[in-house]
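# Close look at the chain arrangement
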Amino acid sequence: MGNNLNLITDITSSASASAGGGVTSITSQDGLTSTPNPITGTGTINQVRVSSMVSSSPTPQKALSGSGTTQFAVPVYGLAYPDSSITVVNRGRVGFTLARSGNTIERIGMNGVQMDDTMTLAFDVNFQCPASSTVIFTWEGAGAFDDDSAFTFTGTPITCTGGSQSISVSASGTVGLTFSTAANDGYTSNPQTDYLQMFGTFTNPSSGFIQMDNLNIQVTQFSD
Amino acid sequence: MATIRSTFGVFSGETSGGGSGVTQVIAGTGLTGGTITTSGTIAKNALSEFNGGTGVSLPVISGTSGVNAYTNSGLGTYTQVNNNRVSTGVKTVSSTTRVGINGLTAGDTVTLSGQLSTTCTSGTFTLAATFGGIFTSVAPAFTGNPVTCDGSSQAIGFTITTFQVGVTNSDIPSNANSEYFAFEYTATATGGNYIVDSFLVDVNQFIK
């Protein structure tokens, strides 16, 4: 998925019977925003700087199965494209790319993320597993997002109840400072190496499911 | 591949009689054009710039070492303009500061310049470039290099004159991890310090 930008500003020019013509309204669209929008008198046009990925409903449930200790990636997107439950805004420098691993789309990769960009991330993981089984969630982001400590969630074993359970995951910080274990890791490479990913490792997951819900990632481009 | 087309004109008409109409448009973040009150053009800002300013002073160590220009404790001691397709950033790899460029395409132009000073006390101090990707075939020109150390502050200048990606060289740019520029020095003795006084990288996106 590339990050093509089409910055379009419509300028509506209409004749004014009394004034003899002129621009009466400017509406900013894709990739641009204006204050006010439309501009009918005085205003400012700015570039859109926020890229986002927001879900409006849970991802399809991924069924658990197996015995012993089994790891499942938290699915972030349905296998069908496009997934109408997720809205992606890629109008600025930063673009989101979803990566499939096996039969699961489980990675959120990013293109164009750079030093001092800021990111906020939040999502829930809904799951259901047999009573007395346990699950441990682990963050396994990579590249510029490999610092587990930057992502807040319950990382200790959770005992399954047999009913619906959920954990929340969140993170907020600055690229190059917050999310990477490397010093001054101020730029990303590509979505294949710089991605967000979470796993749940279950004991005896003979039934149940795992899914992502309430995903909201916002990346704001930084520039002096 | 990122493609941006965002140029348009604004023509503000007289509204003395009608009392309505656009009277002022300000081109804000990521756009050029300033304040338009009569007529003008707003375009995207095609310039991406890394301006390192003054780095940290570090001791000169005998042998060959990477130049570690900036503190690891925090970014933001420098300025950067990263509004559009191309962006610059810093990464420390093996105690060597790299300035990498993301989002390059053929036709973009790149210019690089700066200065490093050393107060090395004896022997010689020689600066060399280390690089990847598009910088492979555009070696920098140095002034004052090498330095014969005497304990005083002596400067080495470095410049890569403007070159066009994919024209000056045939490299296809990939990402900031492979399209980077850095320095190493070779000192024949230990003593004194070195510091990056300035480090400027300008990239202009090619739009046709």
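Residues numbered from 1 in each chain as written. Chains lettered and ligands numbered in written order. Predicted model: local features only at pLDDT ≥ 70, side-chain atom pairs only at ≥ 80, totals over all residues. Heavy atoms only, no water.

### Brief notes about the sheet that holds strand 4 (residues 42-47) of chain A
Adjacent strands of a sheet form backbone hydrogen bonds with each other and so pair up, either parallel or antiparallel. Put simply, the test is: For two strands to count as paired, DSSP must find a minimum of two bridges between them. Put simply, DSSP H or I for four residues or longer makes a helix, DSSP E for two residues or longer makes a strand, and each gets a number counted from the N terminus.
With respect to topology, four strands assemble into an open sheet ordered 3(A)-4(A)-2(B)-4(B), the strand pairing being mixed. The outermost strands of the open sheet, each flanked by one partner alone, are strand 3 (32-35) of chain A together with strand 4 (35-36) of chain B. Examined bridge by bridge, strand 3 of chain A and strand 4 of chain A share four bridges and lie antiparallel to one another. Note that in strand 4 of chain A the partner of Leu32(A) across the bridge is Gln47(A).

### A word on the side chain of Gln211(A)
Residue and element names in this part refer to chain A. Heads up, the rule is: Whenever two N or O atoms come within 3.5 Å, that pair is a polar contact, provided that in protein one can donate a hydrogen and the other can accept it, and provided that, for residues adjacent in sequence, both atoms are side-chain atoms. Here, residues are in contact when the closest pair of their heavy atoms is within 4.5 Å.
Here Gln211 lies in strand 17 (residues 209-220). Here the side chain of Gln211 touches Thr59 through a polar contact of 2.7 Å, landing on its backbone oxygen. With residues up to four places along the chain from it excluded, the contact list for Gln211 reads Pro58, Thr59, Pro60, Gln61, Val74, Pro75, Asp124, Val125 and Asn126.

### Thoughts on empty space enclosed by the protein
Defined as follows: Residues are called lining when one of their atoms sits within 4 Å of a cavity or pocket point, these points coming from a 1 Å grid over the protein atoms alone, where a cavity is a set in which a 1.4 Å probe fits but cannot get out and a pocket is an open set with protein on both sides within 12 Å along at least five of seven lines. Grid points are joined across faces, edges and corners, and a volume is the space filled by probe spheres set on the points. Classes in brief: Ala, Val, Leu, Ile, Met, Phe, Trp, Tyr, Cys and Pro nonpolar; Asp, Glu, Lys and Arg charged; the others, Gly included, polar.
Tallying each qualifying case throughout the model produces two cavities of 30 Å³ or more. Forming the walls of the largest cavity are Val74(A), Val76(A), Ile108(A), Leu121(A), Phe123(A), Trp139(A), Leu196(A), Gln197(A), Met198(A) and Met212(A). Class assignment of the residues belonging to the lining of the largest cavity gives a composition of nine nonpolar, one polar and no charged. Val67(B), Ala69(B), Tyr70(B), Thr97(B), Ala182(B), Phe183(B), Val196(B) and Phe199(B) together form the lining of the second largest cavity. In terms of residue class, the lining of the second largest cavity is built from seven nonpolar, one polar and no charged.

### Describing the pairing of strand 3 of chain A
Every other side chain in a regular strand lies on the same face of the sheet, so the side chains alternate between the two faces. Operational definition: Categorising residues by exposure relies on relative accessible area from a 1.4 Å probe, with only protein chains included: less than 20% of the type maximum marks a residue as buried, more than 50% marks it as exposed, and the intermediate range marks it as partly exposed.
In strand 3 of chain A, alternate side chains face the same way, and those of Leu32(A) and Ser34(A) are buried while those of Thr33(A) and Thr35(A) on the opposite face are not. Where strand 3 of chain A folds back on strand 4 of chain A, the antiparallel hairpin that results is connected by six residues.

### Looking at the side chain of Thr105(B)
By the element assignment, Thr105(B) lies in the loop between strand 11 (96-102) and strand 12 (109-118). A distance of 3.2 Å separates a polar atom in the side chain of Thr105(B) from a polar atom in the side chain of Arg85(B).

### Considerations on the sheet that holds strand 13 (residues 158-159) of chain A
What the four strands build is an open sheet, ordered 7-16-12-13 (chain A); its pairing is antiparallel. The open sheet terminates on both sides in strands that have one partner only, identified here as strand 7 (69-73) and strand 13 of chain A.

### Section: the state of the cysteines
Think of a disulfide as a covalent bridge from one cysteine sulfur atom to another cysteine sulfur atom. All names here are of chain A. The line we're drawing: Cysteine sulfur atoms are paired as a disulfide whenever they come within 2.5 Å of each other.
In total, this model carries two disulfides over all chains according to the counting rule given. The side chain of Cys129 participates in a disulfide bridge whose partner is Cys160; the two sulfur atoms lie 1.9 Å from each other. Where Cys129 bonds to Cys160 through sulfur, the torsion about that S-S bond is close to -90°, and the disulfide is left-handed. In this pair, Cys129 is assigned in the loop between strand 11 (118-128) and strand 12 (134-139) and Cys160 in the loop between strand 13 and strand 14 (164-174), connecting sequence segments 31 residues apart. Exposure class is identical for Cys129 and Cys160. Each is buried.

Everything listed here is a matter of geometry and, on its own, says nothing about what the molecule does.
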